Every structure is written in structure tokens, then in C-alpha cells.
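Breakdown of the fold
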Amino acid sequence: MSQLQSLRGMVDLRPEQTRRWQAVEAVAREHFRRAGIEEIRTPLLEVTELFARGIGEGTDVVGKEMYSFLDRGERACTLRPEGTASVVRAAVQHGLLSQGAQKLWYGGPMFRYERPQAGRQRQFHQIGVECLGVSSARSDVEVIALAWDLLAALGVQGLELEINSLGTPNDRQRYRAQLVAWLEERVDQLDSDSQERLTTNPLRILDSKNPTTQALLADAPTLLEALSEESAARFAEVQALLRQLAIPFQVNTRLVRGLDYYGHTAFEITSDQLGAQATVCGGGRYDGLVEQLGGSPTPAIGWALGMERLLLVLEAAAKADPDGVAARLTAQLPPTVYLVNRGEAAEAAALGLARSLRQAGVAVELDGSGAAFGKQFKRADRCGAPWALVIGDQEAEQGCVRLKSLRAEADEQTLALDAIPALLEALG
Ligand code: ATP
Ligand code: MG
């Protein structure tokens, strides 16, 4: 029979990788706990309208990248391409916002039909934070600091924070007109994607990855210049607070982000380790979204980081500094005991002993190979366990087990097979 392969852009996580993921998730969980942020879990499948309305029809995500289909009941469904719209939908649906501001985090798979490459998959994973019901510049900075400090706690280095202000819908409308007028005079110099966006979503042209378009844009009017006085003052306050927290940043007037719902503060954290897919984390303020999804007007801000890209950066950090945080995070924890056993009666006794020790909380690797003792000991050494327990024919007959230290030069002990408390004490 021929082998079957996973779908293009859909990636398996092998045990060596899930270990790293779990370490990252554990750090993130603790980080969020300290900040009073609770986890929310929403379905992977939502009605298509949620994203069409929430993210915006003119965006790449909605226009080109969604996994959409009719289910058996003819409902238009979409595998979620991002988390924010779902979190807002859930908060509105369950009346969470009437209970005051909500600080929520989520994690899990997202789906976008993109061209797979390093750091870009069709099923990828995000960890994200959404703060609903907060409007101050201070809350923007608290949320940015949460992302920045999480990455620092993971030992990720070489990060850059870029921020911009997208202002109010009015600011953007005014700017949109200026930008379109300016670009229309130069339409023949634009790449074809950007020419199309000129009518659908002109601000997204700023985000073009085409070098010629980027060069052209160097002289274009900037959003920053189009901000109202209030918007500009708000943006200045965000910057002042970031400076106060000693979080380094750069203002990037062309940072617009891919989704339509952003306004005021937008930000991205990039890594110099990632090549073309450099953005590890992106987010911003989205004050209009809750209302757009049927809730009462509610200010909000959030971010999402890409797990796959974060893991790539972590691997690089672990390689660069084998004693650093990133390396420690991704190291495998060995079992406490490697249980060496051979012979019919010994193997039966070992099965019971492994079970009793595991029930008592000890991590036990039970050798199930029936191989020669020498081979089993080699594996015991290699796995990094501090202790070996050994049962052969003789031990099985006498109802005992030998305890050997694999790390220190210590005398071997012989203990009764059923003396679990004594064994636990010996293992320390
Ligand atoms: P990009 O410009 O790289 O396409 P984006 O603006 O589409 O990113 P967001 O929607 O802001 O990305 O998602 C937040 C983060 O999720 C990104 O910064 C990135 O780390 C990650 N991400 C987005 N799309 C993918 C993907 N297809 N594969 C892997 N990670 C992704
Ligand atoms: Mg994208």
C-alpha cells in the first residue's frame, strides 16, 4: 500500500517538538496567571460571517486565505484564521462584557490557505491576549509589555518592537484619500497586487512586500502626519509610557497590520533570526470590533504571537547559548528511574513495581525489550536517569530489587520488592 502524507502546510509535531511547546505554554500560562488573565477556548469552526464582518472583506485573510465550506446542514462555515473575532463573539454571546473589563488569553491552531514556507504554514498556532473594555494609553502599554516580557522570559533575544498609530476611523478616512490621490499619480509604478488594493484596501499597500513598491512609498504621505491632534497626543503618551518602562521601540509609519479592525496603537515584534517571516507577534487596538459583532461599543486591545516562529527563534537561542534560558526550556527531563529487567518472573515483577512507583509519583522508564542486561544498562545510562532498579531471575525469586546510582559512585542497595516506602526514601 502507498503511504499517506499530511496535507500541504499541515505539520506534525513530533515528541521532541511537543516537549518544547509544552515548556513554552507552561511559561506563558504562568505569565498570564500573574497578570490576572484567564484562558478562553472557542471552537475552531465558526460561521463564515464572523470573519467576513470581523476581519474585513478586503483583507487577504478573508479574500484569499480562508478554509470555508458548507457543512451538511448547508451552513457557511470557516476554520478560524485568527482568534480575536471568536473571542469577541464569545464575550458578546455570553454577556462577559457586562461583568466589567475582560482580560483573556487563548491558544491553539489557526488556518490560512497560504503558500507554505519556513515560518508560514496552513495550520499554524497562536497564543494571544485580548483585553476588552479598556481604553487608556496605559492599557496599550500594559498589553505590549505583556508580550515583550513573555518573549524575554523565554530567553528570546534580538527582538525589535515597532509601533504606529492608525488613529481614529476619521483620521484613516482622511489619510486614505491623501494616499489614494498620491498613489493614483504613480499607479504605473505599483505592483499588480497593490494596483488592485488601490480600490479595495489602499492602506494595505503600505504593507506590500514588493521592494519597488516599498521604495516608492518612502516619499508617500504618512498616516502619522494625518492624525488629529488628539490621536497624536494619545500616541505620544503611549511612547512616553514605553520609555518609562524602558521598553525599546521604533516608530514605523508604514505599519498597518493585515486586518481591518485596528485603530490607534498597532505594533509588531520582529526577530532578526527569522528571515522573511520576521514577525513573531502582532497586535493593536480594535475599538470598533465589539460593536461590529453585535455588542455594545467597547474599547479593546490585543495581540497574537505565532508559536512556530517563536519556536524557530527559541531553537536559535538555545543553539547560541547552550546554558541559557531557551536551552533549559527545551531540554528533555529524564525519568527518575530506569527499570532494568530480564527473565519471565522478573519481567512480571518489574511490571508491578513500575506501576506502584508511578502511582506513588515517580517517573519510571520500564525497559520492555527483554534484551541482555548490558544492553539495558547502556540505555539506562543514555536516558539520563539518576537511578537504575534491577530485577533478574535471582531478585525475582527472592522478592527483592537492586538499586544502583547511575550518576554517583554509591554502593548498591538491595530492597524488598514490596517495600515501596523504603524505595521512595532511597530515591530521595
Ligand atoms: P504575516 O505578515 O507574516 O503574514 P500576519 O500579519 O498575517 O503575518 P497576524 O494575523 O497578525 O499575522 O498573526 C499574528 C502572528 O501569527 C504573526 O505575527 C505570525 O507570527 C503568526 N502567523 C500568521 N500567519 C502565519 C502562518 N501562515 N504560519 C505561521 N505563523 C503565522
Ligand atoms: Mg499573513
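That block above? That's the structure.
Here is a short report on the structure shown in this document. Just so it is clear, the model here is predicted, and its values are computed rather than measured.

Re the site of ligand 1
Taken together, 15 residues lie near ligand 1, and R112, E114, R120, Q121 and R257 sit nearest. Taking G306, its main chain carries an N or O atom lying 3.3 Å from an oxygen atom of ligand 1. Between R309 and ligand 1, the recorded distance is 3.0 Å, taken from a side-chain N or O atom to an oxygen atom. For the shell around ligand 1, the element with the most residues is strand β10 (residues 279-285), which contributes 3 residues.

What to know about the pairing of strand β9 (residues 263-271)
Of all the 9 residues making up β9, 9 are buried; the element is thus mostly covered by neighbouring parts of the structure. In the sheet, strand β7 (residues 159-165) pairs with β9 via 7 bridges, with the strands oriented antiparallel. Within the sheet, the bridge partner assigned to S165 lies in β9 and is T265. Of the pairings in the sheet, the one linking β9 to β10 comprises 6 bridges and is antiparallel in character. Bridge pairing in β10 links T270 to T279.

Let's talk about the pattern of salt bridges
Summed over the entire model, instances satisfying the criterion amount to 23 salt bridges. Close ionic contact of R20 with E315 constitutes a salt bridge, the shortest N to O distance being 3.2 Å. With R20 in helix α1 (residues 15-34) and E315 in helix α12 (residues 307-320), the pair connects residues that are 295 residues apart, well separated along the chain. Note that D71 is salt-bridged to R75, the shortest N-O span being 2.8 Å. For D71, a relative accessible area of 21% gives the class partly exposed. It is possible to trace a salt-bridge network through shared partners that takes in D60, K64, R197, R204 and D207.

Notes on α1
Over its 20 residues, α1 runs 29 Å from end to end, which matches the ideal 28 Å to within 8%, given 1.5 Å per residue. Listing the buried residues of α1 in full gives Q17, R20, W21, A23, V24, A28, H31 and F32. On an axial view of α1, the arc spanned by its buried residues comes to 165°, and they lie on one face. Opposite the packed face of α1, turned more than 90 degrees from it, sit the exposed residues P15, Q22, R33 and R34.

Procedures and definitions
- Residues numbered from 1 in each chain as written.
- Chains lettered and ligands numbered in written order.
- Predicted model: local features only at pLDDT ≥ 70, side-chain atom pairs only at ≥ 80, totals over all residues.
- Heavy atoms only, no water.
- Near = heavy atom within 4 Å.
- Polar contact = N/O pair within 3.5 Å; in protein donor to acceptor, adjacent residues only side chain to side chain.
- Helix = DSSP H or I, 4+ residues; strand = E, 2+ residues; numbered from the N terminus.
- Buried < 20%, exposed > 50% of the residue type's maximum accessible area, 1.4 Å probe, protein only.
- Pairing = 2+ DSSP bridges.
- Salt bridge = Lys/Arg side-chain N within 4 Å of Asp/Glu carboxyl O.
- Expected span 1.5 Å × (residues − 1).
- Arc of directions from axis to C-beta.

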